[in-house]
Amino acid sequence: MSHPEVIVVGGGLGGLGVAHALTRQGQAVRLLERAPAFGEVGAGIQLAPNCTRILDDYGLLEEARALGVVPDAMVMRDAVDGTELTRIDLRDLERRYGYPYLVIHRSDLHGLLLRACERAGVELVTDAQVTGYRNTGGGARVTLASGETHEAAMVIAADGLHSLARKLLVDDEPVSSAYVAYRGTVPAGLPRVRSVDLGEVAVYVGPGCHFVHYGLRGGELLNQVAVFESPKALAGEEDWGTPDELDAAFARTCDFVQDGLPFLWRDKWWRMFDRDPVMNWVHGRIALLGDSAHPPLQYIAQGAIMALEDGWVLGEHVARNRAGSGAVDWDAALAAYEAVRPEHCRRVVTTSRTWGELWHLDGVAREQRNVLLRARDTRDYAFTDWLYGPTALTPDQEPPMFTPVPLSSARLDEPGPAVTPTAGRPR
């Protein structure tokens, strides 16, 4: 078997994205997927302009548009009383950043990227469970469960939350948030779908819980997600996130939210973990990408996007460090990749944690949050400018963060200032 220039471990969105990015830069890429077939589980996924910009660069945006939905607005409501707190005009947001906010079924995005890799000539290998990583004199090697080995000038570990390669860099474990997500899709035609504006991405934020819905596949499906904090998880019990906890968590919410719960898949749920940020992603010729480097909580919908950004940035640095002969200075390309991506992703991971705290407030803090959100100027993009603009290729291109505003600045007896609130300063 001939040696490729690059081996990618993991056939999820991040692995497919980087395989495509590097192939279009002239690299021979072999992608190793542990499952017997390529596929993706889950339901809807949100793609902000910092992602649709990359899909456009890849020539994939129009296909993604055809498979997904470009909504008109993002709306946040209080889950207890159902009242609107704030909204973003997504058509105006598209004008600001030059690219749309798109929602798409996760399997449709995965299939789109898989087809792009096939067209580009990526070597796709299934039933290939990687059990070991090792640097060699001229690159890196992976060992499979079968005992077979694969070598290349570069190995990219897009092997997810429980990454084996990450252990080469840091001895840590996933961090449980004690929150769990239930998902489900509802076919068009049912009364539940007719009661929803499919032009909205809506989130209902409540005490210790939230509920999200938006349309998929051109309005053929309604995607719903219910997330809540598990008392069993907080108590250290093994069996946590069960349907009885789901029902109890949403008992205080408005009728609209509760009416959506029976349409969720109640036989499976997703426990929510992230990891503490790390700033070192490269070990010789082995580099982390996607959730192996920066698994986030989902509150600002950037997990898959960060993985796709990682691949695009690495591809751009390969182009910048490729000689006329086609040879790549991998050490220089990896140094440039590591100089910019860990800090950006650190910001996303820590902001996601803080945003989740904000969504799930109760008591006086909930009232303060609601005052600040209701006073927000709907064309205030202070929170998104650092996130939705062009992906930085160098540290100097990374935009400044938003300025957090403490909840204590809200006056409960009068409207608050037009600000973007936060439950705490991003760490």
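Preceding block: the structure.
On a predicted model such as this, the values are computed, not experimentally measured, just so you know.

Calculation notes
- Residues numbered from 1 in each chain as written.
- Predicted model: local features only at pLDDT ≥ 70, side-chain atom pairs only at ≥ 80, totals over all residues.
- Heavy atoms only, no water.
- 1 Å grid on protein atoms, 1.4 Å probe; cavity = no way out; pocket = protein on both sides within 12 Å on 5 of 7 lines; lining within 4 Å.
- Points joined across faces, edges and corners; volume = space filled by probe spheres on them.
- Helix = DSSP H or I, 4+ residues; strand = E, 2+ residues; numbered from the N terminus.
- Nonpolar A, V, L, I, M, F, W, Y, C, P; charged D, E, K, R; others polar.
- Pairing = 2+ DSSP bridges.
- Axes fitted to C-alpha atoms, helices over the stretch in contact; angles between N-to-C directions.
- Salt bridge = Lys/Arg side-chain N within 4 Å of Asp/Glu carboxyl O.
- Buried < 20%, exposed > 50% of the residue type's maximum accessible area, 1.4 Å probe, protein only.

Undergrad: How do you make sense of the layout of surface pockets when you look at a structure like this?
TA: Size it by volume and the second largest pocket reaches roughly 190 Å³. Lining the second largest pocket are 12 residues, and of these Ser177, Tyr179, Leu297, Arg353 and Glu357 lie nearest its centre. Among the elements that make up the lining of the second largest pocket, the one with the highest residue count is strand β12 (residues 175-187) (four residues). The class makeup of the residues in the lining of the second largest pocket is four nonpolar, four polar and four charged.

Undergrad: Mind showing me how you'd approach the sheet that holds strand β9 (residues 140-144) here?
TA: Whether parallel or antiparallel, the strands of a sheet pair through hydrogen bonds between backbone atoms. Taken together, the three strands give an open sheet; going across it, the order is β8-β9-β10, and neighbouring strands pair in antiparallel fashion. Two strands lie at the open edges of the sheet, namely β8 (130-135) and β10 (149-152), each paired on one side alone. Here the average twist between neighbouring strands, direction ignored, is 20 degrees. In the sheet, β9 pairs with β10 via four bridges, with the strands oriented antiparallel. Paired with arginine 141 across the strands is glutamate 151, a residue of β10.

Undergrad: Explanation requested: the pattern of salt bridges in the structure shown.
TA: Pairing of side chains with opposite charge becomes possible as their charged atoms draw close. By the definition in use, this model includes 30 salt bridges. For aspartate 78, the salt bridge is made with arginine 366, and the minimal N-O distance between the two is 2.9 Å. Of this pair, aspartate 78 sits in strand β4 (residues 73-78) while arginine 366 sits in helix α12 (residues 363-375), and the two are 288 residues apart along the sequence. Under the relative-accessibility criterion, aspartate 78 is labelled buried at 0%. Judged by its relative accessible area of 14%, arginine 366 is buried. Arginine 353 is the salt-bridge partner of aspartate 274, the closest N and O atoms lying 2.6 Å from each other. Of this pair, aspartate 274 sits in strand β16 (residues 270-274) while arginine 353 sits in helix α11 (residues 330-359); the two residues are 79 residues apart in sequence, bridging distant segments of the chain. Of the two residues examined, aspartate 274 and arginine 353, each falls in the buried class.

Take it as geometry only, folks, not as evidence of what the structure does.
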